[in-house]
Amino acid sequence: MNSLIDKYNIPGPRYTSYPTVPYWDETTFSPEKWKETVIRSFHESNAEEGISIYIHLPFCEALCTFCACHKRITKQHSVEIPYLESVLKEWKLYVELFEEKPKLKELHLGGGTPTFFSPQNLKTLLEGIFETVDIAEHQEFSFEGHPNNTTKDHLQTLYDLGFRRVSFGVQDYDPKVQKAINRIQPFENVKNVTEWAKEIGYRGISHDLVFGLPHQSWEAMEYTIRKTMELKPDRLAFYSYAHVPWVKGVGQRGFDENDLPSGEEKRRLYEDGKKLLEDLGYIEVGMDHFSLEHDDLYQSLIQKKLHRNFMGYTSSNTQLMVGLGMSAISDSWYAFAQNVKTVEEYQKIVEEGEIPVVKGHILDDEDLTVRRHILNLMCQLETTFTDKNSFPELDNAFEMLKEMEKDDLVEIYDNQIKITEKGRAFTRNVAMVFDLRMMRNKPETRIFSMTI
């Protein structure tokens, strides 16, 4: 395995979209074209599957120095109401495009720290959205909760509004690691919010663990996993730490590069962590995710309904996902769009009555073909080609895959690729073979985290 790590541990995307954000072609994009794709997608899908909404709530009281998200650090809670008013105004701009009532299938509150906002203010926001939509019969509402500031009132208020899923960011319980990433978070805090959620009735509780953090050892990782098992969440995200300190605005300056585990050490954290999770009853789903057998994420894998988008893996699939808030990304299937990245500019543009997108990408026919294959690989660990001639440069892709086949990472059939059990850890590498935009324009500098 070590030789494979040396061979395949290269910078690569996580493929929450294709094309990935650095390869968006902004020359063909405009807000007008974006709106056209939104209207098209809405009318194609709303009546059947409904739509998804992602709301980016960017405020945090303290900076976690492992975080690469778009956020605003402040302790001033006076920012809450003006920001949420802007989110509601942005949503109403989309409602005006639809011309008929949206059916809301999926809703996720991300951040930042959604539980920075008071329960009452979150209720006001959500009721403002709900009065403009019909709620789908089997909706999936979820939010990210910080164990240090999520209250029982947060959990009860959101439960009463239809939320049944919550993910808590744990990362690691080792005090040395917590200090390095500026995330001091006692186990008791996580225990409290998890038990409150279970008591209230949440059926989808998730914990986020991260491997590859500074000063992280296998002994600490094992301790974190075993402590997590005391609480038995329904699912786990077991993420590789993405070290991207060159990205403007990230906080990855709280430690030195030498403090990070080596590629070999990091792979051991993953391999041994995965084995321990499986020994404890968790099943690997897609990439980086594990769940108990009863959880919807595992059931969607079995039923081949697993989906992946900017919110990560989801058990439901909607064609249209509207991203609201500063820096939020939207997906109409035919196009991507990202909002402006500062709170002030976001609020100003919304006040002027404009949808605040700053950049995006219109997918051409080739993009749509590649996107489907990468999604299949990321969600089902296999993809099938009905017509090889429809896939440009396929021969080149298959040549690269033959090397992976020699390493027992994939199995190649006439019109099908399957990722092996051994190859699961290298799923990002397999997907990269099909990334035509990156192959044609390889970056001169590092723009992605390492695949391992």
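What counts, and at which threshold
Residues numbered from 1 in each chain as written. Predicted model: local features only at pLDDT ≥ 70, side-chain atom pairs only at ≥ 80, totals over all residues. Heavy atoms only, no water. UniProt positions renumbered as here; feature names shortened; annotations may be inferred. Helix = DSSP H or I, 4+ residues; strand = E, 2+ residues; numbered from the N terminus. Rg over C-alpha atoms; globule rule 2.2 N^0.38 Å. Buried < 20%, exposed > 50% of the residue type's maximum accessible area, 1.4 Å probe, protein only. Areas by Shrake-Rupley, 256 points an atom, 1.4 Å probe, with all protein chains shown as cover. Lys, Arg positive; Asp, Glu negative; His and termini not counted. Charge placed at Lys NZ, Arg CZ, Asp CG, Glu CD. Pairing = 2+ DSSP bridges. Right-handed = clockwise from strand over helix to strand, strands pointing away. Salt bridge = Lys/Arg side-chain N within 4 Å of Asp/Glu carboxyl O. 1 Å grid on protein atoms, 1.4 Å probe; cavity = no way out; pocket = protein on both sides within 12 Å on 5 of 7 lines; lining within 4 Å. Points joined across faces, edges and corners; volume = space filled by probe spheres on them. Phe/Tyr/Trp six-rings, centres within 6.5 Å; stacked < 30°, edge-to-face > 60°. Lys NZ or Arg CZ within 6 Å of the ring centre and 35° of its normal. Axes fitted to C-alpha atoms, helices over the stretch in contact; angles between N-to-C directions. Contact = heavy atoms within 4.5 Å.

Per an unreviewed UniProt entry, the protein chain is named Coproporphyrinogen-III oxidase, and its organism is Chryseobacterium vrystaatense. UniProt, in its Subcellular location (unreviewed entry) section for the protein chain, records the words "Cytoplasm". Under the UniProt heading Sequence similarities (unreviewed entry), the note attached to the protein chain is "Belongs to the anaerobic coproporphyrinogen-III oxidase family."

*Asks:* Before we move on, can you summarise the overall build of the protein chain with the specific residues and values?
*Replies:* Across its full length, the protein chain holds 15 helices and 19 strands. Its C-alpha atoms give the protein chain a radius of gyration of 21 Å, within 12% of the compact-globule value 22 Å for 452 residues. With the C-alpha coordinates aligned to their principal axes, the bounding extent of the protein chain is approximately 55 × 50 × 40 Å. With 452 residues in all, the protein chain has 59% of them scored as buried. Surface exposure of the protein chain reaches about 18,900 Å², of which carbon and sulfur atoms provide 47%. Within the protein chain, one finds 53 positive and 72 negative side-chain charges whose respective centroids are separated by 2 Å.

*Asks:* Break down unusual backbone geometry for me, with residues and values.
*Replies:* Most peptide bonds take the trans configuration, and most residues that are not glycine carry a negative phi. In the segment running from Y18 into P19, the intervening peptide bond is cis, with an omega of -5 degrees. Here P19 is to be found in the loop between α1 (2-8) and α2 (31-45). Cis geometry is found at the peptide bond from G111 to G112, where omega equals 15 degrees. Mapped onto the secondary structure, G112 falls in the loop between β4 (103-111) and α4 (119-130). Here the phi dihedral of W333 falls at roughly 75 degrees; this positive angle occurs in a residue that is not glycine. Along the chain, W333 turns up in the loop between β14 (329-331) and β15 (335-339). Assessed through its relative accessible area of 16%, W333 is described here as buried. A positive phi is found at L381, a non-glycine position, where the angle reads about 65 degrees.

*Asks:* Requested: an account of the pairing of strand β5 (residues 134-145), with residues and values cited.
*Replies:* As paired strands, β4 and β5 are joined by 6 bridges and run parallel to one another. Each bridged residue has a counterpart across the sheet, and for K103 the counterpart in β5 is D134. In this fold, the crossover linking β4 to β5 by way of α4 has right-handed handedness. Note that β5 and strand β6 (residues 165-171) share 4 bridges and pair parallel. Across the sheet, residue E144 finds its bridge partner in β6, namely S167.

*Asks:* Give me the lowdown on the pattern of salt bridges, citing residues and values where you can.
*Replies:* With the rule as written, the count across this model stands at 26 salt bridges. The partner of R165 in a salt bridge is D295, with the nearest N and O atoms 3.4 Å apart. With a gap of 130 residues between them, R165 in strand β6 and D295 in the loop between β10 (289-291) and α10 (296-302) connect regions that are remote in the sequence. By the burial criterion, R165 is buried, and D295 matches it. Across the salt bridge formed by K191 and E195, the nearest N and O atoms sit 3.1 Å from each other.

*Asks:* Give me the lowdown on empty space enclosed by the protein, citing residues and values where you can.
*Replies:* It is the rolling of a water-molecule-sized probe over the atoms that shows where space remains empty. Within the structure shown, the criterion is met by 3 cavities of 30 Å³ or more. Volume-wise, the second largest cavity comes out at about 80 Å³. Considering the residues around the second largest cavity, the lining is formed by Y15, T16, S17, Y18, R308, N309, D331, R371, I374, L375 and M378. Secondary-structure elements contributing two or more residues to the lining of the second largest cavity are β11 (307-309) and α12 (365-380). Here the element with the most residues in the lining of the second largest cavity is α12; it accounts for 4 residues.

*Asks:* Which residues make up the packing of aromatic side chains, and what values do they have?
*Replies:* All chains considered together, the criterion is met by 20 aromatic pairs. Ring geometry for F238 and Y270: centres 6.2 Å apart, planes at 20 degrees, overall stacked. With a gap of 32 residues between them, F238 in strand β8 (residues 235-240) and Y270 in helix α9 (residues 263-279) connect regions that are remote in the sequence. You can call F238 buried: its relative accessible area is 0%. Above the ring of Y159, the side-chain terminus of R164 is found at 3.7 Å from the ring centroid. For the cation-ring pair, R308 lies above Y313, with the distance from its terminal atom to the ring centre recorded as 4.6 Å.

*Asks:* Residues and numbers for the sheet that holds strand β17 (residues 382-384), please.
*Replies:* Taken in spatial order, the 3 strands of this open sheet run β17-β19-β18, and their pairing is antiparallel. Bordering the open sheet on either side are β17 and β18 (410-412), each of which pairs with just one other strand. Each strand of the sheet is rotated relative to its neighbour by a mean of 10 degrees, with strand direction disregarded. Here α12 sits on the sheet and contacts β17 and β19 (416-419); the angle it forms with β17, its principal contact strand, is near 145 degrees.

*Asks:* Please set out the pairing of strand β7 (residues 204-211) residue by residue, giving values where relevant.
*Replies:* Most of β7 is tucked away: 8 of the 8 residues are buried. Residue alternation in β7 divides its side chains into two sets, G204, S206, D208 and V210 and I205, H207, L209 and F211, and both sets are buried. Two strands pair when backbone bridges link them, and β6 and β7 are joined in this way by 6 bridges, in the parallel orientation. Bridging from a neighbouring strand, R165 pairs with G204 of β7. Note that β7 and β8 share 6 bridges and pair parallel. By the bridge assignment for β8, H207 is matched with L236.

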